[in-house]
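# Tertiary structure, described
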Amino acid sequence: MRTNTLQWKRTLRIALLCLAFTSSSLISMGQLRFDSYDFSVTYPSGNTLYFHILDANNHCVSITCPGANDGYNYDTNHPKPTGELILPETVTHNGITYTVTKISTYAFHTCSGLTGSLVIPNTVTEIDEAAFSACTGFNGTLTLSDNLTTIGKNAFNTCSGFTGSLVIPNSVTKIGNSAFQYCSFNNGTLSLPEGVTYIGTNAFDRCDFTGSLIIPSTVTTLGTYAFLDCSSFDGDLILKCNNLAKGIILAGIFKNCSGFTGDLVLPKGILKINQDAFLNCSGFSAMYVCTNSIPNLASNEMFTGMNRNIPVYVNFDMIANYTSGNTTGNSWHYFNNFVGCSFFLEEGNWSDDANWTSQTVPPTDRRVIIAANCTVDGEYTNPNTTLLKFNDLTIA
């Protein structure tokens, strides 16, 4: 076990050194830059893979495209790989064994003859722009590297045949613009890790995920139309991202996500919601606006298509402002059923009356909402107060 751990630490260290290494052997086309290949290997499947040496000293390479004709395409002398694609963790050339740490820009662009599942080796830390874009033939699952940090823009755009669930590894910090746009995943679920900070514009546009969606607390950038037309989600939408840039939910992020049937939970740091962010999200059964101020709404059509009569739980002290229709961002009065609450959103154990007192016990006509990872062990004896909990994403 210790030997395996040391080997993985060494692999990760090599990968980081390779990423830091600036190669001079790059081809440029417009604004795109991609690696020219230094050697190729033909495998028993008949597929030829092309490799670029990123760092000769640390022996690491990227898998790249052959660079034929217009700079990145395949041709008759460099045929596209077909069938099941097996990506190696290491490759040997001229007696030297290299570690594969990156999938380069356009490496498999438009290789529509690839089929089956795709496994990204655990040595890979970066998938560049459009690396697998328009690989429409994949018809199995996608498994990403446990050491992956960056998924480039358009990396899997239009890989429409993937099935099953997608788990973004804990190591990933950035998911680029349109990275998974038009990918199906055939009614699997999507798991985003705590640690990801950037989810780009149209990142998951028109994917067919089901279940609930949780936006992690570490996300600071959530791009416009990130989940546009993801109409197959059918559970809760929980936004934990309390530190979004300028406190703004950007335009169209969840537009036409009509399948959600559970709760919509907005974090306390939200200050503004831009155009069409929740347009035609018709299935939500309740909304929890856990903010200390009333979020500004950018248009009167912000919630068009949502059920006007669902309970909207808001800070008790501001309920009159929500219902008056005179608030900044004046379309909150679209809703008919505001419910005043006191929100206890910090993690902790609310075990006795002393804890409640220290947090200011609410009046008898308020509901108390406890966020995920909070527990209530003792008695809260006020019989006129309803206790609601987000634990396990359920409301009890």
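Use the structure listed above.
Residues numbered from 1 in each chain as written. Predicted model: local features only at pLDDT ≥ 70, side-chain atom pairs only at ≥ 80, totals over all residues. Heavy atoms only, no water.

## Here's the deal with the sheet that holds strand β25 (residues 296-297)
In plain terms, the rule: At least two bridges found by DSSP between two strands are what make those strands a pair. Helix and strand assignments come from DSSP, with helices taken as H or I runs of at least 4 residues and strands as E runs of at least 2, each series counted from the N terminus.
Here three strands make up an open sheet; going across it, the order is β21-β23-β25 and the pairing parallel. Single-partner strands in this sheet number two, and they are β21 (248-249) and β25. In this sheet, strand β23 (residues 272-273) lies alongside β21 in parallel orientation, the contact comprising two bridges. Within the sheet, the bridge partner assigned to isoleucine 248 lies in β23 and is lysine 272.

## Re the packing of aromatic side chains
Test applied: A pair of aromatic rings is counted whenever rings of Phe, Tyr or Trp (Trp by its six-membered ring) have centres within 6.5 Å, and the orientation is called stacked for planes under 30 degrees apart, edge-to-face for over 60 and tilted otherwise. Residue burial is assigned from relative accessible area. The probe radius is 1.4 Å, only protein chains are included, and a residue is buried under 20% of its type maximum, exposed over 50%, and partly exposed in between.
Taken as a whole and assessed by the stated rule, the structure comprises 29 aromatic pairs. Relative to phenylalanine 162, the ring of phenylalanine 138 has its centre 5.1 Å away and its plane inclined at 10°; by these criteria the two rings are stacked. Here phenylalanine 138, found in the loop between β11 (126-127) and β12 (142-143), pairs with phenylalanine 162, found in the loop between β13 (150-151) and β14 (166-167); they are 24 residues apart in sequence, far enough to count as distant. For phenylalanine 138, a relative accessible area of 0% gives the class buried. Between the aromatic rings of phenylalanine 180 and phenylalanine 204, the centroid separation amounts to 5.3 Å while the plane-to-plane angle is 5°, which identifies the pairing as stacked.

## Looking at the environment of threonine 99
Considering the arrangement of structural elements, one finds threonine 99 in strand β8 (residues 96-103). Of the residues examined, threonine 99 reaches a relative accessible area of 11% and is grouped as buried. Along the sequence, threonine 99 and serine 62 sit 37 residues apart, while their C-alpha atoms lie 8.4 Å from each other.

## Re the environment of glycine 252
Quick reminder of the rule: Contacts are assigned to residue pairs with any non-hydrogen atoms lying within 4.5 Å of each other.
On the secondary structure map, glycine 252 appears in the loop between β21 and β22 (263-266). In sequence terms glycine 252 and threonine 224 are 28 residues apart; their C-alpha atoms lie 5.8 Å from each other. Those residues in contact with glycine 252 that sit more than four places away from it in its chain are Tyr225, Leu228, Gln275, Asp276 and Ala277.

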